[in-house]
Amino acid sequence: MPGTVYLITGGCRSGKSNYAQTLCEKLSPHPIYLATSSSSGKYVDADMIDRIQRHQLDRDTRLAGWKTIEAPLHPSEHLSEMVEQVVLVDCLTLWLTNYMLEYKVFSLDGEEISAQERIAAAEKASDAIKQEIETMIAQWNTTFVFVTNEIGSGSHASDAVSRTFADHQGWLNQFVASKAREVVHMVAGCPNVVKRVDDSGRGAKGSWMSQDDKDDAKLLDTFLSSRSLQMDSKGYFMVKLDDNRIVASFYSCIVNDEGEICDLQGNKIKCCNGGSRREPMKVWKGRTAKELTTAIFEEWEDAAKLDFSIGHAAYIGREVQRAEHCLYSNIPYQQD
């Protein structure tokens, strides 16, 4: 399962960065700002330094918990710092510019190459940045908020180099949008959601929450789902829908003196149909979350002996509640 991706796009001064920063602050008290332009190095001029300093001041003013990582080309080298974090990538346009410079599609000193060389170099730069993005978002427990520009929405570029860049910027935006859970187009500071994948299993009927509150709740749910869970050493639950019922199965991780997976009495648990997958130690079926959780945590005698952690019990409660909603809403369910 890949990481969660949001794409915020729009024109110059459309409010993209402000919206993206607000989104990150809703999800985490300590978000990461991944700057695709370094305050020093070969891709920086005086105007860029000024822009970087203004962005830093804005983040420091808004929320003291921001951490900044500067990575003009290879931010995937910092993935170990992004585990279970919310990462604002600002922005794809500068990042693509760095790759175009690196592959000599154009240069800061005005050096020119042939049209054929430029086209080939642009393809290589585009492929390289897409591969870097693929590497980053493969980290399932990280949430990425990408900011980009709709530079193709303005006037037609007057020179071939600018047209080449605008083409590849558009293709890069489409690539990231195809990976995104949500795409927001900013116009004059106003967000317009142009894509939203609703996989939360939460319906809106009968709710008095505002749409903004519902949207914020879904965003937070998605982020919290990316956390690593501390599993109980004695076993785990699997939840699914089957034959119009919620099915919860408990699989033992207890090992007896012979090194075999066993039940609480030390008896080896046999494998399904003689295969490598072992059978569950206990299976429950019910029509509601309350019915299942009562059977598991209040009526099952072995529950006290297994001494489930509070976190594990809370997780099962959330999952069977979501399964119940999916069952009665006739929508697919997949365990989180």
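One can find the structure itself at the top, above this paragraph.
A brief report on the enclosed structure follows. In this text the structure is predicted, and so the values were computed from the model without any measurement.

Some words on helix α6 (residues 211-224)
Along an α-helix, a turn takes 3.6 residues, which lines up residues three or four apart on a common side.
And step 1. Taking 1.5 Å of rise per residue, 14 residues should cover 20 Å, and α6 covers 20 Å from first to last C-alpha, within 8% of that figure.
And step 2. The set of residues buried in α6 consists of K214, D215, K218, L219, T222 and F223.
And step 3. In this structure, the buried side of α6 is in contact with β1 (4-10), α1 (16-27), β4 (86-90), β5 (143-147), β6 (182-187) and β7 (190-196).

Here we look at the nonpolar core
And step 1. One finds W95, I133, F144, F146 and V176 to be the most contacted residues of the largest nonpolar core, which totals 34 residues.
And step 2. Elements with a contribution of two residues or more to this core: β1, β2 (32-35), β4, α3 (92-102), α4 (115-137), β5 and α5 (160-179).
And step 3. Broken down by element, this core gets its largest block of residues, 8 residues, from α4.
And step 4. Sequence-distant contacts of W95, defined by excluding residues within four places in its chain, comprise T36, P72, L73, P75, V89, I129, E132, I133, M136 and F146.
And step 5. Counting 23 residues, the second largest nonpolar core, distinct from the first, contains W284, L306, Y315 and A323.

As for the sheet that holds β5
And step 1. Pairing is mixed in the open sheet, where 7 strands are placed in the order β3-β2-β4-β5-β1-β6-β7. Edge positions in the sheet fall to β3 (67-70) and β7, since each has one partner strand and no second. Neighbouring strand axes in the sheet, compared pairwise and without regard to direction, differ in orientation by 20 degrees on average.
And step 2. Across 4 bridges, β2 lies against β4 in parallel orientation. In the sheet register, A35 faces β4, and the bridge partner there is D90.
And step 3. In the packing of α1 onto the sheet, the strands contacted are β1, β4, β5, β6 and β7, and the crossing angle to β5 comes to about 170 degrees.
And step 4. In the packing of α5 onto the sheet, the strands contacted are β1, β5, β6 and β7, and the crossing angle to β1 comes to about 140 degrees.

Topic: the packing of α3 against α5
And step 1. Two elements in contact, α3 and α5, have axes separated by 11 Å at closest approach and are oriented at 125 degrees. The orientation of α3 with respect to α5, classified from their angle, is oblique. In terms of crossing hand, the pair formed by α3 and α5 is right-handed. Across the interface between the two elements, L92, T93, L96, T97 and M100 from α3 touch F165, H168, Q169, L172, N173 and V176 from α5.
And step 2. Looking at the contact of α3 with α5 residue by residue, the class counts come to 6 nonpolar, 5 polar and no charged.

Thresholds, definitions, all that
- Throughout, residues of each chain are indexed from 1 in the direction in which the sequence is written.
- Local features in this predicted model are restricted to residues of pLDDT 70 or higher, and side-chain atom pairs are both shown and tallied only at a pLDDT of 80 or more, whereas totals for entire chains, interfaces and linings draw on every residue.
- The side-chain numbers reported here are obtained from all heavy atoms of the structure, hydrogens and water having been left aside.
- Per the convention used, a helix needs a DSSP run of H or I reaching at least four residues, while a strand needs a run of E reaching at least two, with both numbered from the N terminus.
- For a helix, the expected span equals 1.5 Å multiplied by the residue count minus one.
- Think of it in three bands: with a 1.4 Å probe and only protein chains considered, a residue is buried below 20% of the maximum accessible area for its type, exposed above 50%, and partly exposed in between.
- Whether two residues touch is decided by their heavy atoms; if any such pair falls within 4.5 Å, the residues are in contact.
- What is meant by a nonpolar core is a set of buried Ala, Val, Leu, Ile, Met, Phe, Trp, Tyr and Cys residues, joined one to another through side-chain atoms within 4.5 Å.
- In short, DSSP must find at least two bridges between two strands for them to pair.
- Comment: axis = line fitted to C-alpha atoms, over the contacting stretch for helices; angle = value between 0 and 180 degrees taken between N-to-C directions.
- Oblique is the label for any angle not covered by the other classes, which are roughly parallel (under 35 degrees), roughly antiparallel (over 145) and roughly perpendicular (65 to 115).
- In this scheme the crossing of two helices becomes right-handed for a clockwise turn of the near helix relative to the far one and left-handed for an anticlockwise turn of less than a right angle.
- In this classification, Asp, Glu, Lys and Arg are treated as charged, Ala, Val, Leu, Ile, Met, Phe, Trp, Tyr, Cys and Pro as nonpolar, and every other residue, Gly included, as polar.

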